[in-house]
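# Chain and residue survey
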Amino acid sequence: MGVRLDNVGIVVEDLDAAIEFFVVLGLECEGRASVDGDWAGRVTGLPGQRVDIATVRTPDGHGRLELSRFREPAPAADHRRAPVNALGYLRVMFNVDDLDTVLDRARALGAELVSTEVVDYRGVYRLCYIRGPEGILLGLAESIG
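The model shown is predicted, which means the values in this text are computed figures rather than measured ones.

Moving on to the packing of helix α1 (residues 15–25) against helix α3 (residues 99–108). Between α1 and α3, the least distance of the axes is 9 Å, while the angle of their chain directions is 160 degrees. For the element pair α1 / α3, the angle class is roughly antiparallel. Considering the relative orientation of α1 and α3, their crossing is right-handed. Residue-level contacts link F21, V24 and L25 of α1 to V102, R105 and A106 of α3. The residue makeup of the contact of α1 with α3, split by class, is five nonpolar, no polar and one charged.

Structure follows, in structure tokens:
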């Protein structure tokens, strides 16, 4: 029996800004859609839901994020500024070819380092955590070993 990760879902307030941010990081927007109807509420347990979604993927086609903006019902909780040791979803990590360039592009859209520096992990990776639009927590890694 085969299993593959299809996508990771992130709920956002500003879908256009989230798409722009992930495109700046190097992902590609696969498409956008609206999701509603009885079937959707039966899947999520949110009857009457209306959601705008976009799927962004890594250039190799193996990694996907589903970005969702709920029109109905309104988001029930806000975990965007939770510290990195909070229970539940932590972050998505991207391996990038040029960390400094990606970080500069992300900062131009308001992203901030969680810490004060990019860290060298044993000469194998340069790593950092950033908060993007709406506080979305991401990890960035550049292989250097």
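Looking at where T116 falls in the secondary structure, it is placed in the loop between β6 (112–113) and β7 (119–121). Along the chain, T116 and T44 lie 72 residues apart, while their C-alpha atoms are 38 Å from each other.

Moving on, we come to α1. Buried within α1 we find L15, A18, I19, F21, F22 and L25. For α1, the angular spread of buried residues about the axis comes to 160 degrees, placing them on one side. Looking one or two residues beyond α1, the residue adopting positive phi is G26, at roughly 115 degrees.

Attention now goes to the packing of aromatic side chains. Summed over the entire model, instances satisfying the criterion amount to two aromatic pairs. Considering the side-chain rings of F21 and F22, the 5.4 Å spacing of their centres and the 75 degrees angle between planes classify their relative orientation as edge-to-face. As far as burial versus exposure is concerned, F21 and F22 are alike and both buried.

Conventions we followed
- Residues numbered from 1 in each chain as written.
- Predicted model: local features only at pLDDT ≥ 70, side-chain atom pairs only at ≥ 80, totals over all residues.
- Heavy atoms only, no water.
- Axes fitted to C-alpha atoms, helices over the stretch in contact; angles between N-to-C directions.
- Helix = DSSP H or I, 4+ residues; strand = E, 2+ residues; numbered from the N terminus.
- Parallel < 35°, antiparallel > 145°, perpendicular 65-115°, else oblique.
- Left-handed = near helix turned anticlockwise from the far one by under 90°.
- Contact = heavy atoms within 4.5 Å.
- Nonpolar A, V, L, I, M, F, W, Y, C, P; charged D, E, K, R; others polar.
- Buried < 20%, exposed > 50% of the residue type's maximum accessible area, 1.4 Å probe, protein only.
- Arc of directions from axis to C-beta.
- Phe/Tyr/Trp six-rings, centres within 6.5 Å; stacked < 30°, edge-to-face > 60°.

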